[in-house]
Amino acid sequence: MISKSLTDLINHRQRSLQQTRRIQRTIYEFVLRHSDNFNSPQFKSISNADLGLLFQITDEQVFDGLLGQLCEQSSRRPLAFRLSTRMTSCGGMTTMQRDNRPGALPEFEITIATSPLFDTFNVDSVAKVGGVTCHDRLQALQRIMEHEMLHLAELLLFSDSNCNGSQFKNYARRHFGHTESNHRLLTPRDVARKKLGISPGDTVVFDIGGRTVTGVINRITKRATVLVADAKGTKYSDGKRYSKFYVPLNMLRRK
Ligand SMILES: [Zn+2]
């Protein structure tokens with residue numbers, strides 16, 4: 001049975017950290033050679049097919065291909081991959097969905113967030129993912145995929161997954177040499193602070209409809225939420241009234 005074989009493998013296979021790093025390097029080189037998009041480790045574009053390729057070779061090298069097989073057996077369809085431009089704080093996400101129809105099979109999907117991956121290496125030359133220092137986008141993507149693959153394995157084997165649990169941490173260290181369950185990739189807020197020198201709470205100016213407006217940054221996601229004092233605006237907890245603007249970060253200047 002596939003699930004029994006995967007359970008045995010995931011619980012018992014021992015490799016030295018050196019062996020693990022060698023396998024990860026092999027996967028890195030394989031993906032660089034075979035992806036249509038990855039001309040360099042600091043690739044400028046990425047597709048779902050690249051995620052599929054990375055998953056498949058990692059599964060073959062680390063789990064003997066059992067993870068993909070178990071996934072197909074459980075949902076009778078291939079694992080789905082998705083790229084998200086909207087996810088900004090997490091690096092990836094793995095989901096199991098099952099609708100209410102009797103006999104409905106679960107569906108699995110791995111989503112990778114593109115902006116932390118791209119933004120981080122526009123600003124910095126290294127970033128830690130899973131406690132491992134990554135020098136380029138491909139290394140960071142590999143660490144994120146490894147993390148998501150363990151979520152998938154736990155979902156398939158135990159119907160539940162938690163990367164803060166001791167079992168997950170044990171698997172992450174054993175199979176991929178991860179020492180942490182988080183990533184230190186940059187969020188839009190970090191990028192705004194590092195590149196533009198602006199942070200929530202700062203007073204900024206921006207141009208709108210031919211006039212220059214002054215406001216205070218309330219929040220930074222893909223855009224900044226800027227509150228501008230306005231007698232006709234909404235009342236906020238400080239008792240004053242403001243209008244809210246969503247402004248692209250590159251349109252803001254510090255006052
Ligand atoms: Zn996680």
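Here the residue numbers are simple positions, counted from 1 along each chain's written sequence. Selection of residues for local features in this predicted model requires a pLDDT of at least 70, selection of side-chain atom pairs for listing and counting requires 80 or more, and totals for whole chains, interfaces and linings are taken over all residues. For side-chain calculations, the full set of non-hydrogen atoms in the structure is used, while hydrogens and water are omitted.

Examining the overall build of the chain
Only runs of H or I of at least four residues qualify as helices and only runs of E of at least two qualify as strands under DSSP, and these elements are numbered from the N terminus. Of the regular secondary structure elements, the chain holds eight helices and 10 strands. When the backbone C-alpha atoms are referred to their principal axes, the chain occupies close to 70 × 45 × 35 Å. Only protein chains enter the accessibility calculation, which uses a 1.4 Å probe; a residue is then buried when its area is under 20% of its type maximum, exposed when over 50%, and partly exposed in between. Here the chain holds 255 residues, and 47% of them are scored as buried. Sequence-distant contacts in the chain: of pairs separated by 6 or more residues, those separated by 24 or more amount to 59%. Carbon together with sulfur atoms contributes 46% to the accessible area of the chain, which is approximately 13,500 Å² in total. Should any heavy atoms of two residues lie within 4.5 Å, those residues are counted as being in contact. In short, Shrake-Rupley with a 1.4 Å probe defines the accessible areas, and a residue's cover is counted only from the protein chains shown.

Looking at the packing of helix H2 (residues 17-34) against helix H3 (residues 48-63)
Two numbers describe how H2 lies on H3: the axes approach to 10 Å, and their chain directions differ by 150 degrees. The two elements H2 and H3 meet at a crossing, and its hand is right-handed. Where H2 abuts H3, its residues Ile23, Ile27, Phe30, Val31 and His34 lie against Leu53, Leu54, Ile57, Thr58, Gln61 and Val62. In this analysis, axes come from line fits to C-alpha atoms, helices being fitted only over the stretch in contact, and the angle between any two N-to-C directions falls in the range 0 to 180 degrees. Each crossing gets its hand from how the near helix is turned against the far one by less than a right angle, where anticlockwise is left-handed and clockwise is right-handed.

Re the environment of His175
Relative to the elements of secondary structure, His175 occurs in helix H7 (residues 166-176). Once the C-alpha coordinates of His175 and Val62 are considered, the two residues, 113 residues apart in sequence, prove to be 7.1 Å apart. Setting aside residues no more than four positions away along its own chain, His175 makes contact with Leu9, Ile10, Arg13, Thr20, Val62 and Phe63. Within the structure, His175 has its side chain in polar contact with the backbone oxygen of Ile10 (distance 2.9 Å). Counted as a polar contact is a pair of N or O atoms within 3.5 Å, where, for protein atoms, one must be capable of donating a hydrogen and the other of accepting one, and residues adjacent in sequence contribute only when both atoms are in side chains.

Examining the packing of aromatic side chains
Note on aromatic pairs: each is described by the distance of the centres and the angle between the planes. When two rings of Phe, Tyr or Trp (its six-membered ring) have centres within 6.5 Å they constitute a pair, described as stacked for plane angles under 30 degrees, edge-to-face for angles over 60, and tilted for the intermediate range. Using the criterion set out here, one finds six aromatic pairs in the structure. Note on Phe63 and Phe176: the rings are 5.9 Å apart at their centroids and 85 degrees apart in plane angle, and the pair reads as edge-to-face. Taken together, the residues Phe63 in helix H3 and Phe176 in helix H7 connect sequence positions 113 residues apart. Given the relative accessible area of 0%, Phe63 is considered buried. Residue class for Phe176 comes out buried when judged on its relative accessible area of 1%. An aromatic cluster is present here, built from Phe38, Phe43 and Phe118 joined pairwise through their rings.

Comments concerning the packing of helix H1 (residues 2-12) against H7
Two numbers describe how H1 lies on H7: the axes approach to 9 Å, and their chain directions differ by 80 degrees. When the interaxial angle is binned, H1 and H7 end up roughly perpendicular. Across the interface between the two elements, Leu9, Ile10, Asn11 and His12 of H1 pack against Tyr171, Arg174 and His175 of H7. For this classification, Asp, Glu, Lys and Arg are treated as charged, while Ala, Val, Leu, Ile, Met, Phe, Trp, Tyr, Cys and Pro are nonpolar and the rest, including Gly, are polar. Looking at the contact of H1 with H7, its residues break down into three nonpolar, three polar and one charged. Angle categories: roughly parallel below 35 degrees, roughly antiparallel above 145, roughly perpendicular from 65 to 115, and oblique for all the rest.

Some words on the domain arrangement of the chain
For the purposes of this description, domain bounds are those given by an automatic or database domain assignment. By the assigned domains, the chain splits into domain 1 (2-186) and domain 2 (190-254). Put simply, the middle of domain 1 and the middle of domain 2, counted by C-alpha atoms, are 37 Å apart. Listed per partner, the contact involves eight residues of domain 1 and five residues of domain 2. By definition, the buried area sums, over both parts, the 1.4 Å-probe accessible area that each loses when the two are put together. Its largest share of buried area at the contact with domain 2, domain 1 owes to Thr88, Val123 and Leu186, together 60% of the area lost on that side. By definition here, a salt bridge exists when the distance from a side-chain nitrogen of Lys or Arg to a carboxyl oxygen of Asp or Glu is within 4 Å. At the boundary of domain 1 with domain 2, the tally comes to one salt bridge. Its salt-bridge partner being Lys194, residue Asp124 comes within 2.9 Å of it at the nearest N-O pair.

Observations concerning the sheet that holds strand E2 (residues 92-97)
Each pair of strands is called paired provided DSSP finds at least two bridges between the two strands. In spatial order, the strands read E1-E3-E2; together these three strands make up an open sheet with mixed pairing. Two strands close off the open sheet at either side, each with one partner strand: strand E1 (80-84) and E2. Within this sheet the neighbouring strands show an average axis-to-axis angle of 20 degrees, counted without direction. Relative to strand E3 (residues 107-113), E2 runs antiparallel, the two sharing six bridges. In the sheet register, Gly92 faces E3, and the bridge partner there is Ile112. Packing against the sheet, H3 makes contact with E1 and E3, and its axis sits at approximately 125 degrees to E1.

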